[in-house]
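Survey of secondary and tertiary structure
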Amino acid sequence: LLGSSIAFHQEIQNEPIDEEATKFKGEWLDNAKQRGASFTFLRAPPSSDECWTYLTAWDLSLLDDAKKARENDSDWTVGLTMGLTKTDHIRLLRGVRARGLTPAGVRDLIKREALLMRPPMIVIENNAFGRIHELELRTGTGLPIVGHTTDAKKHHLADGLPGLAIPFEGGQILLPYGDAE
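Everything numeric in this text was worked out from a predicted model, so none of it was measured. (Residues numbered from 1 in each chain as written. Predicted model: local features only at pLDDT ≥ 70, side-chain atom pairs only at ≥ 80, totals over all residues. Heavy atoms only, no water.)

**A look at the sheet that holds strand E6 (residues 173-174)**
Ordered in space as E5-E4-E1-E2-E3-E6, the six strands form an open sheet in which the pairing is mixed. Bordering the open sheet on either side are strand E5 (145-148) and E6, each of which pairs with just one other strand. Across three bridges, the pairing between strand E1 (residues 53-59) and strand E4 (residues 122-125) is parallel. Each bridged residue has a counterpart across the sheet, and for Ala-57 the counterpart in E4 is Val-123. Along the sheet, helix H4 (residues 103-117) makes contact with E1, strand E2 (77-84), strand E3 (90-98) and E4, crossing E3 at roughly 145°. (Pairing = 2+ DSSP bridges. Helix = DSSP H or I, 4+ residues; strand = E, 2+ residues; numbered from the N terminus. Contact = heavy atoms within 4.5 Å. Axes fitted to C-alpha atoms, helices over the stretch in contact; angles between N-to-C directions.)

**What to know about the pairing of E2**
Only one face of E2 is buried, namely the one carrying Thr-77, Gly-79, Thr-81 and Gly-83, since none of Val-78, Leu-80, Met-82 and Leu-84 on the opposite face is buried. In this sheet, E2 lies alongside E1 in antiparallel orientation, the contact comprising seven bridges. Bridge pairing links Ala-57 to Leu-80 in E2. As judged from the eight bridges shared by E2 and E3, these two strands associate in the antiparallel manner. (Buried < 20%, exposed > 50% of the residue type's maximum accessible area, 1.4 Å probe, protein only.)

**Let's talk about unusual backbone geometry**
Even without a glycine there, the phi angle at Asp-88 is positive, about 60°. With respect to the helices and strands, Asp-88 occurs in the loop between E2 and E3. Located in the positive-phi region is Arg-118, a residue other than glycine, with phi close to 50°. Its location among the elements puts Arg-118 in the loop between H4 and E4. Looking at Arg-118, the relative accessible area reads 56%, which means it is exposed.

**Remarks on the packing of aromatic side chains**
Taken as a whole and assessed by the stated rule, the structure comprises zero aromatic pairs. For the cation-ring pair, Arg-97 lies above Trp-76, with the distance from its terminal atom to the ring centre recorded as 3.9 Å. (Phe/Tyr/Trp six-rings, centres within 6.5 Å; stacked < 30°, edge-to-face > 60°. Lys NZ or Arg CZ within 6 Å of the ring centre and 35° of its normal.)

Take it as geometry only, folks, not as evidence of what the structure does.
Written as structure tokens, this is what we have:
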């Protein structure tokens, strides 16, 4: 149960998971929001005073039918722009999400965000159909696209998603919580 999706067990299987058994504790997220209470999502690239480097990463949805996407609420295309501050905090600078986009709509969303934030690196999930997005964006736009393949290592303590628990617990994550977005 611990190695599987918490949301799947809670929402689909109706098997709530005890807070103590989760990889991310609620208090860690609350603390990250408190640390980010004075920050808002950016609408332009960060200044060199805000972050010394940053990138945008994309998790791409597979559903391109808006009606099916609404019915399957878990399938979103999500883009997060994150920066490393001069105080070695990881700051969420901006986040966007959409569902039910056509393949061209997904690429247009990525291009719009790239024009707005001008990240030096854009990481695209390239599993299955994502590989086509990666190739189209890399060859047709001049954007700094880097592909990322999600594999069995996503559950690895150091290399996968569980590894994010460490900077959350250590107080290194800043989540903007200063505006309604």
